Amino acid sequence: MEPPLLDVQHLTVTFAGERSMATAVDDVSFHVGVGETVGLVGESGSGKSVTAFSILRLLQPPGRVTRGKVIFQGRDLLELPEREMRAVRGAGISLIFQEPMTALNPIMRVGDQIAEALIVHGLTSGEKARTRAVELLEAVQMTDAARRVRDYPHQLSGGMRQRVMIAIALACHPPLVIADEPTTALDVTIQAQVLDLLRELKARYNLALLLITHDFGVIAEMADRVAVMYKGRLVEQGPVRQILREPSHEYTRSLLAAVPGMR
Ligand code: ADP
Ligand code: MG
């Protein structure tokens, strides 16, 4: 059997307070195979974003990984020198956030931001990078891409900004994308369009996707397998269809009950 692309083993993250330690992620293990979509689902505060940030080593103090391994393409990312980790971010694993407005640079044209992602990873330079930025905006189905590259983030709608984020995430053809609540800030119609886009891009580029959400409806629509997180722990994981049919944990049942028309 092929080894998983990403294999998170016993990940444990604590936040040190003035006089106590809080465990935000507690002995979490899961894997993502090549081309697979795995959902990480749980209510707000359950440790999903901390897990994503730990995988990419973007966690800020006082947060600290105190135990575990993050094996990506055979190497433990937690052991890599920072210089090699920078190459992994973007070219190996890229991250799409919930709120593109905070992730995008407000005073830089979106085309330049996409081009910069290409240049940082040494994939292209100058005029070529600008042409490629237009192509990437076309790939994420941005209407009028050739003109939109010159826009600033505030000139775009929320859905368009999320398309720009996805274009940046795909710029270096990473084998794995982590999408942290990619559609939570969008209204329902736009949400559906962005999910359709992610599905199409996944198929086209054979991407693996770690899809983080509090919404089991999104998981049911998108994921092959799901891991359910509750108060920092994984309470169950398995194929989505099996968990939809027979959720074994009370908490999973309550997440399913929250989705209209699901049960
Ligand atoms: P989720 O993404 O599932 O909504 P998070 O991963 O952001 O949840 O947070 C999980 C928990 O980690 C929070 O409930 C909180 O206890 C802790 N936490 C996150 N960020 C910080 C921080 N900067 N300082 C202290 N505790 C934090
Ligand atoms: Mg979060």
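This text goes with the structure placed above it.
Residues numbered from 1 in each chain as written. Chains lettered and ligands numbered in written order. Predicted model: local features only at pLDDT ≥ 70, side-chain atom pairs only at ≥ 80, totals over all residues. Heavy atoms only, no water.

### Focus: the pattern of salt bridges
Evaluated as defined, the whole model comprises 16 salt bridges. The salt bridge partner of Arg233 is Asp26, with a shortest N-O separation of 2.8 Å. Of the two residues, Arg233 sits in strand β10 (residues 233-239) while Asp26 sits in strand β2 (residues 21-32), which places them 207 residues apart along the sequence. Judged by relative accessible area, which is 23%, Asp26 ranks as partly exposed. Each of Arg57, Glu82, Arg86 and Arg89 takes part in salt bridges that share partners, so that together they form one network. (Salt bridge = Lys/Arg side-chain N within 4 Å of Asp/Glu carboxyl O. Helix = DSSP H or I, 4+ residues; strand = E, 2+ residues; numbered from the N terminus. Buried < 20%, exposed > 50% of the residue type's maximum accessible area, 1.4 Å probe, protein only.)

### Some thoughts on the sheet that holds strand β7 (residues 176-180)
What the six strands build is an open sheet, ordered β6-β7-β8-β3-β9-β10; its pairing is mixed. Because the sheet does not close on itself, it has two edges, and the strands there are β6 (93-96) and β10. Sheet twist, expressed as the average angle between the axes of neighbouring strands with direction ignored, equals 15°. (Pairing = 2+ DSSP bridges. Axes fitted to C-alpha atoms, helices over the stretch in contact; angles between N-to-C directions.)

### Notes on the sheet that holds strand β4 (residues 63-72)
An order of β2-β1-β4-β5 is seen for the four strands of this open sheet, with the pairing classed as antiparallel. Pairing within the sheet leaves two strands with one partner each, and these edge strands are β2 and β5 (75-76). Sheet topology note: the strand β1 (residues 6-16)/β2 ladder contains eight bridges and is antiparallel. Each residue of the ladder has a partner; that of Asp7, found in β2, is His31. On the sheet, helix α1 (residues 48-55) packs against β1, β2 and β4 and is oriented at approximately 115° with respect to β1. (Contact = heavy atoms within 4.5 Å.)

### A closer look at the nonpolar core
Of all hydrophobic cores here, the largest spans 36 residues; its most connected members are Ile96, Leu137, Val140, Val164, Ile166, Leu170 and Met222. When contributions to this core are tallied by element, the ones reaching two or more residues are α4 (110-120), α5 (126-139), α7 (158-170), β7, α8 (188-205), β8 (208-213) and α9 (216-222). Ignoring any residue separated from it by four or fewer positions in sequence, one finds Leu137 in contact with Ile114, Met142, Ala145, Arg148, Val149, Val164 and Ala167. In this structure, Val28, Leu40, Ala208 and Ile212 belong to the second largest nonpolar core, which totals 31 residues. (Core = buried A, V, L, I, M, F, W, Y, C linked by side-chain atoms within 4.5 Å.)

### Things to note about the site of ligand 1
Neighbouring ligand 1 are Phe15, Ala24, Glu43, Ser44, Gly45, Ser46, Gly47, Lys48, Ser49 and Val50. Interatomic distance of 3.0 Å between a backbone N/O atom of Gly47 and an oxygen atom of ligand 1. Measuring from an oxygen atom of ligand 1, one finds a side-chain N or O atom of Ser49 at 2.9 Å. With the chains in place, 57% of the 560 Å² that ligand 1 exposes on its own is no longer accessible. (Near = heavy atom within 4 Å. Polar contact = N/O pair within 3.5 Å; in protein donor to acceptor, adjacent residues only side chain to side chain. Areas by Shrake-Rupley, 256 points an atom, 1.4 Å probe, with all protein chains shown as cover.)

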